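Residues per chain are reported as follows:
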Amino acid sequence: MRTSMIMVFESVTSSTESGCPQTGTTDVCCLRSFSMRFRGIFHGRTSAKLEEWIDDAIHSGLVFPARFARVLSRDIDAVCNAIDLPGSNGQAEGQINRLKTIKRAMYGRAGPELLRARMMPIKLTDLHKK
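All of the points below concern the structure found in this document. Everything quoted here is computed from the prediction, not taken from an experiment.

### Looking at the environment of K49
Item 1. Here K49 lies in the loop between α2 (26-44) and α3 (50-58).
Item 2. By relative accessible area, which is 54% here, K49 ends up exposed.
Item 3. Along the sequence, K49 and F38 sit 11 residues apart, while their C-alpha atoms lie 9.1 Å from each other.

Next up, the structure:
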């Protein structure tokens, strides 16, 4: 951003027709506009407007949205699929995270038997054997 946040808040005195304050806050209004449009694209679950958003962000002259848009455009197919498709890989990522956490906690302590015992669900029939 070209202006510091302190200067932005001190210079706010009046508003224009667009609802943005006049002096020194055009960058802040532009950033807010980009974030609201991006949020709308995700909440609307339609990736059709994403290409237009990326082009606008790259050519905006603002560093943060332009950098973010360039990174998004590198893997545009995956981003479009994340927007359009209802599926998620959250369950798989959660299980991987759980496995890695247990593995780190047990590093150097025991062998694969204890790791297997910690990872596998407990069978109630095994608890009551003598």
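Still more to cover.
### Considerations on the packing of aromatic side chains
Item 1. Using the criterion set out here, one finds 5 aromatic pairs in the structure.
Item 2. Feature note: the residues F34, F38, F42, W53 and F68 constitute an aromatic cluster, connected by ring pairs.

### Quick look at the side chain of S47
Item 1. Here S47 lies in the loop between α2 and α3.
Item 2. What makes S47 buried here is its relative accessible area of 14%.
Item 3. A distance of 2.7 Å separates the side chain of S47 from the side chain of D84, its partner in a polar contact.
Item 4. Once residues within four sequence positions are removed from consideration, S47 is found in contact with C80, I83 and D84.

How each quantity is defined
Residues numbered from 1 in each chain as written. Predicted model: local features only at pLDDT ≥ 70, side-chain atom pairs only at ≥ 80, totals over all residues. Heavy atoms only, no water. Helix = DSSP H or I, 4+ residues; strand = E, 2+ residues; numbered from the N terminus. Buried < 20%, exposed > 50% of the residue type's maximum accessible area, 1.4 Å probe, protein only. Phe/Tyr/Trp six-rings, centres within 6.5 Å; stacked < 30°, edge-to-face > 60°. Polar contact = N/O pair within 3.5 Å; in protein donor to acceptor, adjacent residues only side chain to side chain. Contact = heavy atoms within 4.5 Å.

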